[in-house]
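Chain and residue survey
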Amino acid sequence: MIWVVAVLLGCSSPPTCDRPEQRVGEGEASISCEELAPLEEELELLAGRPLDRVGRGKLYAALAQEPVEKLKVRASEAATRRDQWRSLAGIDAATERSARVWLARSQPKEEFNELLLSTAAVWAFDDQEKLVLTESDIEGWIRYASLCREVQGGDPLRLSVADRVTAYKKVIARFDGGDRQEKIAVVSVGALWNGLRPEWHSASYEKQQAWIAAAPLPPPMTADSIGYFSAIVDASPVSHAQALADVFGPLPLSSDVD
């Protein structure tokens, strides 16, 4: 976490929160950077990736317009919601996260929702099912497919700019063309990648082999990276999601990316 706060509390130059214990405001009418952190952490969990410098600046610039007492209430409420999101796991968690981002699209414009949408970057949505496909979901699929290729003895995926355009289109098409169960599976595999990565590295050989046997992997391929990626996405997203759940259990949501 990078502690940066643009808080305009009568100062010509906004102070920066480079330490969690630093306080914003004066005396009793102040709030620590650590107290403000849940607002950023909740947004990042929902977006599936960290805020960039621009997004972080916008978040705290917006918070700067509010009285410190109101900020304390907002931060406390955000901490409760953040902890609730962290307590969720697995396909249900990915579904709830997708639905929350969808809700941000349907609500009146509000700074948090606008920042959530810009950070999450929605690439597809279904208003009937109230689900969205975000950029972190698609990037999760790319990383997941790369792992699949590596466990079959291949090299990590190397996608050109043109290949990435094709990869995005493939995942979007799977989301758009699927029923509710398939849409949820597409969202889940990508959204839970951040939680899978540490689990995979710490898993026993037997558990890794159990997943390799359960996942709908294509035959070992020497095709180029985009060809392999297409084979992974063309297989059943539901089977991919179920194999992960069966072997690794309910994976947590996370905003950490490799």
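Refer to the structure printed above.
Given the structure is predicted, the values throughout are model-derived calculations rather than measurements.

Scoring rules and cut-offs
Residues numbered from 1 in each chain as written. Predicted model: local features only at pLDDT ≥ 70, side-chain atom pairs only at ≥ 80, totals over all residues. Heavy atoms only, no water. Helix = DSSP H or I, 4+ residues; strand = E, 2+ residues; numbered from the N terminus. Buried < 20%, exposed > 50% of the residue type's maximum accessible area, 1.4 Å probe, protein only. Contact = heavy atoms within 4.5 Å. Areas by Shrake-Rupley, 256 points an atom, 1.4 Å probe, with all protein chains shown as cover. Lys, Arg positive; Asp, Glu negative; His and termini not counted. Salt bridge = Lys/Arg side-chain N within 4 Å of Asp/Glu carboxyl O. Pairing = 2+ DSSP bridges. Phe/Tyr/Trp six-rings, centres within 6.5 Å; stacked < 30°, edge-to-face > 60°. Core = buried A, V, L, I, M, F, W, Y, C linked by side-chain atoms within 4.5 Å. Axes fitted to C-alpha atoms, helices over the stretch in contact; angles between N-to-C directions. Parallel < 35°, antiparallel > 145°, perpendicular 65-115°, else oblique. Nonpolar A, V, L, I, M, F, W, Y, C, P; charged D, E, K, R; others polar. Expected span 1.5 Å × (residues − 1). Arc of directions from axis to C-beta. Polar contact = N/O pair within 3.5 Å; in protein donor to acceptor, adjacent residues only side chain to side chain.

A tally of regular secondary structure across the protein chain gives 12 helices and 4 strands. A buried classification covers 49% of the 258 residues belonging to the protein chain. Long-range contacts, defined here as pairs at least 24 residues apart, represent 71% of the contacts in the protein chain between residues at least 6 apart. Accessible surface, the protein chain as shown: approximately 12300 Å² in total, 51% of it carbon and sulfur.

Counting through the fold element by element, R149 comes out in helix α6 (residues 135-151). Although R149 is buried, it forms no salt bridge, and the closest oppositely charged side chain is D155 at an N-O distance of 5.7 Å. Apart from residues no more than four positions distant in its own chain, R149 is found in contact with G154, D155, P156, L157, A223, D224, S225 and Y228.

As judged from the 4 bridges shared by strand β3 (residues 122-126) and strand β4 (residues 131-134), these two strands associate in the antiparallel manner. Residue pairing in the sheet places D126 in a bridge with L131 of β4. Remark: 4 residues form the turn of the hairpin made by β3 and β4, two consecutive strands paired antiparallel; K130 in that turn has positive phi of roughly 60 degrees.

Tallied over the entire structure, the rule returns 14 salt bridges. The shortest N-O distance in the salt bridge between D83 and R82 comes to 3.1 Å. Among the charged side chains, a network of salt bridges with common partners joins E41, R82, D83 and R86.

Attention now moves to the packing of aromatic side chains. Aromatic ring pairs are reported here in terms of the distance separating the ring centres and the angle at which the planes meet. Scanning the entire structure with this criterion turns up 5 aromatic pairs. Taken together, a centroid distance of 6.0 Å and an interplanar angle of 70 degrees make the contact between Y144 and W211 edge-to-face. With a gap of 67 residues between them, Y144 in helix α6 and W211 in helix α10 (residues 205-214) connect regions that are remote in the sequence. Each member of the pair Y144 and W211 is classed as buried. Each ring, one from W200 and one from W211, has its centre 5.4 Å from the other, and the planes form 75 degrees; the classification is edge-to-face. Taken as a pair, W200 in helix α9 (residues 193-202) and W211 in helix α10 lie far apart in primary sequence, 11 residues in all.

So, about the nonpolar core. Counting residues in hydrophobic clusters, the biggest one holds 70 residues, and the most contacted among them are W141, Y144, L196, W211, F229 and F248. Per-element tally for this core: the top contributor is α6, with 7 residues. With near-sequence residues (within four places) excluded, F229 lies in contact with W141, I142, A145, L157, A167, K170 and V171.

Attention now goes to α9. Looking at α9, one finds that the buried residues are W193, N194, G195, L196 and W200. At its buried positions, α9 is contacted by α6, α8 (180-191), α10 and α12 (237-248).

A few words now on the packing of helix α7 (residues 161-177) against helix α11 (residues 225-234). One way to put it is that α7 packs onto α11 with a least axis distance of 10 Å and a crossing angle of 5 degrees. As judged from the angle between their axes, α7 and α11 are roughly parallel. Here D163, T166, A167, K170, V171 and R174 of α7 come into contact with α11, specifically with I226, F229, S230, V233 and D234. Taken together, the residues that form the contact of α7 with α11 break down as 5 nonpolar, 2 polar and 4 charged.

The next point concerns α7. With 17 residues, α7 ought to run about 24 Å at 1.5 Å a step, and its terminal C-alpha atoms sit 24 Å apart, in line with that. Within the span of α7, buried status applies to A167, Y168, V171, I172 and F175. For α7, the buried positions fall inside an angular range of 130 degrees around the axis, keeping them on one side. Of the residues in α7, the exposed ones pointing more than 90 degrees away from the buried face are A162, K169 and G177.

Position of E66 relative to the elements: it lies in the loop between α2 (53-63) and α3 (68-87). Overall, the relative accessible area of 14% leaves E66 in the buried class. Excluding residues within four positions of it along the chain, E66 makes contact with L71 and R74.

Here S136 lies in helix α6. Separated by 3.0 Å, the side chain of S136 and the backbone oxygen of A47 make a polar contact. Polar contacts involving the side chain of S136 include one to the side chain of R97, which spans 3.0 Å. Once you skip the residues sitting within four places of it in the chain, S136 turns out to touch A47, G48, R97, A120 and G190.

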